[in-house]
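Given next are the chains, with one letter for each unit.
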Amino acid sequence: MNARPLELFRCLTNGVYVVGVAHGEQRGAFTAAWITQVSFEPLLLVLSINPAHASFPLLTASGTFAVSVLGHGQLDLARQFGTQSARDVDKLAHQRWQAGLAAAPVLSDAIAYLECRVVTRHPAGDHELVVGQVVGGRLMGAEGRPLIYAETGNLDGSAVLYPASFEDSSRHRSAPNA
């Protein structure tokens, strides 16, 4: 059976995270699912981010970010940080958070967090890959099970971004700016 790209990509196992960024007095955070470990020595992870996101300039200016790992049952947090733009609303206003590395917000209700310093960045289609060295972190809810991207349905609105088939992959649309 031939599957559509959307169906295939939804099978990839990704967690759901809230990435906190800060520069000067500005703070921001956004939902991300495209984060993965890429090295043991040194400990590196890669984050994929749309450069049009309101948080992107804060991340690049500070060179640091914090990854809050959301737990199963925290879909509302994923929605809070993933469906609104920081240009329109202060997403941290009604959330419990603490300042992490270089003041990057860490959600107090996350099951864990990692703090990262940017090592390098690479363009990748409509996104940019940010490689971060993990320099700290903590388990905050050791009993928690991570929220998985497939459990979010079409929360991020990405269903319209996938081509209908692999042959129809020349179509380009941009994701909403979070």
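Residues numbered from 1 in each chain as written. Predicted model: local features only at pLDDT ≥ 70, side-chain atom pairs only at ≥ 80, totals over all residues. Heavy atoms only, no water.

### Considering the nonpolar core
Then, number 1: Within the largest apolar cluster, 20 residues are counted, with the highest numbers of intra-cluster contacts made by Val19, Ile35, Leu47 and Phe65.
Then, number 2: Counting residues in each nonpolar core, the second largest holds 14 residues, with Val16, Ala29, Leu70 and Leu92 among its members. (Core = buried A, V, L, I, M, F, W, Y, C linked by side-chain atoms within 4.5 Å. Buried < 20%, exposed > 50% of the residue type's maximum accessible area, 1.4 Å probe, protein only.)

### Quick look at the pattern of salt bridges
Two side chains carrying opposite charge are able to pair once their charged atoms lie near each other.
Then, number 1: The full count for this structure, using the stated rule, is three salt bridges.
Then, number 2: Its salt-bridge partner being Arg79, residue Asp76 comes within 2.9 Å of it at the nearest N-O pair. Here the residue Asp76 and the residue Arg79 both occupy positions in helix H3 (residues 75–82), the gap between them amounting to three residues, near one helical turn.
Then, number 3: Across the salt bridge formed by Asp109 and Arg96, the nearest N and O atoms sit 2.5 Å from each other. In this pair, Asp109 sits in the loop between strand E7 (105–107) and strand E8 (112–124) while Arg96 sits in the loop between H3 and strand E6 (97–99), placing the two residues 13 residues apart along the sequence.
Then, number 4: Asp109 sits in the partly exposed class, given a relative accessible area of 37%.
Then, number 5: The exposed category is assigned to Arg96, whose relative accessible area is 54%. (Salt bridge = Lys/Arg side-chain N within 4 Å of Asp/Glu carboxyl O. Helix = DSSP H or I, 4+ residues; strand = E, 2+ residues; numbered from the N terminus.)

### A look at H3
The α-helix winds at 3.6 residues per turn, so residues separated by three or four positions along the chain end up facing the same way.
Then, number 1: What H3 keeps buried is the set Leu77, Ala78 and Phe81. Taken around the axis of H3, the buried residues stretch over an arc of 100 degrees, which confines them to a single face.
Then, number 2: Those residues of H3 that are buried are in contact with strand E1 (17–23), strand E2 (26–32) and E7. (Arc of directions from axis to C-beta. Contact = heavy atoms within 4.5 Å.)

### Regarding the environment of Pro51
Then, number 1: Checked against the element boundaries, Pro51 lands in the loop between strand E4 (44–49) and helix H2 (56–62).
Then, number 2: When the C-alpha atoms of Pro51 and Leu129 are compared, they prove to be 9.8 Å apart, with 78 residues separating the residues in sequence.
Then, number 3: Among residues more than four places away in sequence, those in contact with Pro51 are Phe56, Asp126, His127 and Glu128.

### Details of the side chain of Gln74
Then, number 1: Along the chain, Gln74 turns up in the loop between strand E5 (64–69) and H3.
Then, number 2: Polar contacts involving the side chain of Gln74 include one to the main-chain amide nitrogen of Gly71, which spans 2.6 Å.
Then, number 3: Those residues in contact with Gln74 that sit more than four places away from it in its chain are Val69, Asp109, Ala110 and Leu147. (Polar contact = N/O pair within 3.5 Å; in protein donor to acceptor, adjacent residues only side chain to side chain.)

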